[in-house]
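Fold and geometry: a report
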Amino acid sequence: MSVKVKFYSLFKLNLKSSGIEYEINSPITASDLIKKLDEDFNGYFSEKLLEAGTITPGSIILINGQNIFHIDRLNSKINDGDTVTLFPPSAGG
Amino acid sequence: MGKIYEYQVLRVDLSKGEITRETIKGKKVKDYLGGRGLASKMLYDEIDPKIDPLGPENKLIFASGILTGTAASTGGRYMVVTKGPLTGTIASSNSGGFFGAEMRFSGNDIIVFEGKSDKPVYLSIKGDKVELKDASKLWGKTVFETTDILIDEIGDKNARVSCIGPAGEKEVLFASIMNDKHRAAGRTGVGAVMGSKNVKAIVIKAAKKQVEYYKDEMMKVVKKQTKMLKEDGVTGEGLPALGTKVLDNIINSNGLYPTRNFQSGTFDKTSEVSGEALVEKGYLQSNKGCYGCPIRCGRNVKLPNGLHGEGPEYESGWAFGADCGVSDLNAVTEANFLCNELGLDTISAGTSIACAMELYEKGYIKDEELENGPELNFGSSEAIVYYTKKMGYREGFGDKLAKGSYRLAEEKGNVELSMSVKKQELPAYDPRGVQGHGLNYVTSNRGGCHVRGYMISPEILGVPEKLDPQELKGKPEWTITFQDLTAVIDSVGMCLFTSFALGLDDYREIVNAGTKFDYTSEDLLQVGERIYNLERKFNLEAGILPEEDKLPERFTKEPLPDGPQKGIFSHYKKLLPKYYKARGWKEDGYISAKKLKELGLK
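To start, this report covers the structure provided alongside it.

Once that is clear, we can look at the overall build of chain B. Scanning chain B for helices and strands turns up 25 helices and 17 strands. For 602 residues, the compact-globule formula gives about 25 Å, and the C-alpha radius of gyration of chain B, at 22 Å, lands near that figure. The principal-axis extents of the C-alpha atoms in chain B amount to approximately 60 × 55 × 45 Å. Sorting the 602 residues of chain B into buried and exposed places 66% on the buried side. Put simply, 70% of the contacts in chain B that link residues at least 6 apart link residues at least 24 apart. When the accessible area of chain B is evaluated, it comes to approximately 19600 Å², of which 47% is carbon and sulfur surface. Seen as two clouds, the 83 positive and the 84 negative side-chain charges of chain B have centres 4 Å apart.

Set out below in structure tokens:
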């Protein structure tokens, strides 16, 4: 089992990657995940997703389709088998 | 002549073939701004809301917003207002491109068509010369052909055309009015009203820019707002790169991406039809902007088979894609191009096919009715292209689709399979997954619609702040603010997308700068409230009663079956009484005398 991270929108186009998988031994937080991503993508994700230590307004971080904003924000727990989906600020309609 | 707060109205009496002029200024402009607001006021004052929308008594109003044609960022929008044939409500449909600004430049801020011509005509405006001309040779032509011919005829390649295609001529109830070939006053069937009056097109080439405003004051604000739009992640990065189709994966990942006529909230083949796919497959050639737009979300697309055009937008791509269960981006784009060419609203066209697919798969539509057309199965690329064309020309089964999903499902004895509100098809967000947005659907004054109060913005996208989509508290008030602010933006003449980066204070600042009006932000929002209430008053008098403030039963009786929102229903029935109260309306949904008086509507 592992944690699947999916990149969309400008993340996907700019990084030319649709995501990454991490093996975890125990639950991690959303914050921990961003640190892991930073190691693999040169600090890209904390620059895009974080602002003054919180989630950049409009950025979307979903754990199994639930926005972490309404779970426990950056302290939200990610378990083995979860899918995390990341979007930069986006809108349309 | 030409002051933006003194509207020059061109009135075209089609029955008599007479053209007259008048001016609107003063309190009415202060109270209704322009665009959607002022045109709605004119319609309300001039017609009986009970009339047949496709009869000669209806009027069709093309209106500039107060800042249309100025230097305001995205200030090129115009509004078409009439009584709508799909819903029977007031219909107002907004479009970008360059036509609106040209209309303003020509000194004709508002154009009103009334009566009915006994033969096809078009309105030609070249400099000061205004003529109604014979359009017999244009009748039957597509939007693209009509546009090319008229630009040729007027003899200036910079002329702008707004016209209907075969769908409008044949009064398809959701026919659009198209300008600059690819931009649409798409929803509510305004094109059918134009067709019913035998008006094929308006072609305009202004001699000079007759747009007078306080330029120095306004330019300072424009500069600041353009910077805000360019620096914002949504309007400066996401929309230019991916267009509105940036939303496919977001809405699908959140579990509210309506699939197979709203039977599901997730589509397993989204990655095949998303905005990202349009870029990665190499179909996107460039992005494109409307008049004065720093955002440039338009898609200039070329398919491997050589077809090229603009789109698809998010809603259009979804309607022919996930909602019909189709994952073939080529077919989806082709169906979208066909809608532009024939003059059809993409949302109602795609979702009416989706409804027909569910009716067909459940046995309510028989094979013989299809007159040798392809089977209407979910997932059929062939069906979406074939039936879009048939709909546009009202041939075979397309004639039934041309009345929209509600009338089709009603005829088949299963009206609940039409995913519509007040007979207009719902757009690309399942209301079970977003409670405020569901409330917006049922209280929209033009039937099922996302751009009356786009609650997706706070509930899903976190703009201007993130709200819990399942929380009910506060949603009536948020929905009202979004609805009233949208009415303001639609009357200013700027694009609704600016509101991802700008707020009420910014619109107040730019309107005041250009006009030297002295609105406070509260005053301006009250203009929006006045417009919203006037539209509601029109609808009530037209016989569209509060009991029609409802969603199809699917959303309250069947929970979302899968995805992250699995098991969830819409709770709009709990929100509606609170919404009425917060609007200052009576418990039964009628507008209270007190509210009417407060807004100067009585």
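So, on to the overall build of chain A. Within chain A, the regular secondary structure consists of three helices and nine strands. On C-alpha atoms alone, chain A measures out to a radius of gyration of 12 Å, which is about the 12 Å that the 2.2 N^0.38 rule sets for 93 residues. Dimensions along the principal axes, computed over C-alpha positions, put chain A at roughly 35 × 30 × 25 Å. Counting only contacts in chain A whose residues sit at least 6 apart along the sequence, the fraction spanning at least 24 positions is 53%. Only carbon and sulfur atoms are counted for the fraction: they give 44% of the accessible area of chain A, which is about 4400 Å². Of the side-chain charges in chain A, 9 are positive and 11 negative, and the distance between the mean point of each set is 6 Å.

For the structure shown, the criterion picks out 27 aromatic pairs over all chains. For the pair B:Tyr5 and B:Phe517, a centre-to-centre distance of 5.8 Å together with 50 degrees between the ring planes defines the contact as tilted. Of this pair, B:Tyr5 sits in the segment before strand 1 (7–13) while B:Phe517 sits in the loop between helix 21 (504–515) and helix 22 (521–542), placing them 512 residues apart in sequence. Per residue, the accessibility class of B:Tyr5 equals that of B:Phe517, and both read buried. Among the aromatic side chains, those forming a connected cluster through ring pairs are B:Tyr257, B:Tyr314, B:Tyr429, B:Tyr454, B:Phe497 and B:Phe500. Lying over the aromatic face of A:Tyr22, A:Lys36 brings its terminal NZ or CZ to 5.4 Å of the ring centre. One residue, B:Lys30, lies across the ring of B:Tyr519, its end atom 5.2 Å from the ring centre.

Let us now look at the pattern of salt bridges. Residues and elements named next belong to chain B. Summed over all chains, the structure comprises 46 salt bridges over all chains. We note a salt bridge from Glu131 to Lys133, for which the minimum N-O separation is 3.8 Å. Taking relative accessible area as the criterion, Glu131 reaches 27% and is therefore assigned partly exposed. A salt bridge links Lys281 to Glu272; the shortest N-O distance between them is 3.3 Å. Residues joined by salt bridges that share partners form a network here, namely Arg11, Glu22, Glu46, Lys59 and Glu114.

Time to look at the interface of chain A and chain B. With 22 residues of chain A at the contact, the number on the chain B side is 31 residues. Taken together, the two surfaces of chain A and chain B that pack against each other cover about 2200 Å², and 64% of this comes from carbon and sulfur. At the boundary of chain A and chain B, one finds one salt bridge. With a closest N to O distance of 3.1 Å, A:Lys12 and B:Glu280 form a salt bridge. Here chain A is connected to chain B by five residue pairs in polar contact (both at pLDDT 80 or more). Here the side of chain A that touches chain B takes four residues from helix 1 (residues 9–15) of chain A, the largest share from any one element. In terms of residue class, the side of chain A that touches chain B is made up of nine nonpolar, 11 polar and two charged.

As a further point, take the side chain of B:Asp490. Residue and element names in this part refer to chain B. Along the chain, Asp490 falls in helix 20 (residues 475–492). Of the polar contacts made by the side chain of Asp490, one reaches the side chain of Arg36; its length is 2.9 Å. Ignoring sequence-local partners within four residues, the contact set of Asp490 consists of Gly35, Arg36, Met79, Asn94 and Arg452.

Reading the values: rules and limits
Residues numbered from 1 in each chain as written. Chains lettered and ligands numbered in written order. Predicted model: local features only at pLDDT ≥ 70, side-chain atom pairs only at ≥ 80, totals over all residues. Heavy atoms only, no water. Helix = DSSP H or I, 4+ residues; strand = E, 2+ residues; numbered from the N terminus. Rg over C-alpha atoms; globule rule 2.2 N^0.38 Å. Buried < 20%, exposed > 50% of the residue type's maximum accessible area, 1.4 Å probe, protein only. Contact = heavy atoms within 4.5 Å. Areas by Shrake-Rupley, 256 points an atom, 1.4 Å probe, with all protein chains shown as cover. Lys, Arg positive; Asp, Glu negative; His and termini not counted. Charge placed at Lys NZ, Arg CZ, Asp CG, Glu CD. Phe/Tyr/Trp six-rings, centres within 6.5 Å; stacked < 30°, edge-to-face > 60°. Lys NZ or Arg CZ within 6 Å of the ring centre and 35° of its normal. Salt bridge = Lys/Arg side-chain N within 4 Å of Asp/Glu carboxyl O. Buried area = accessible area lost by both parts, 1.4 Å probe. Polar contact = N/O pair within 3.5 Å; in protein donor to acceptor, adjacent residues only side chain to side chain. Nonpolar A, V, L, I, M, F, W, Y, C, P; charged D, E, K, R; others polar.

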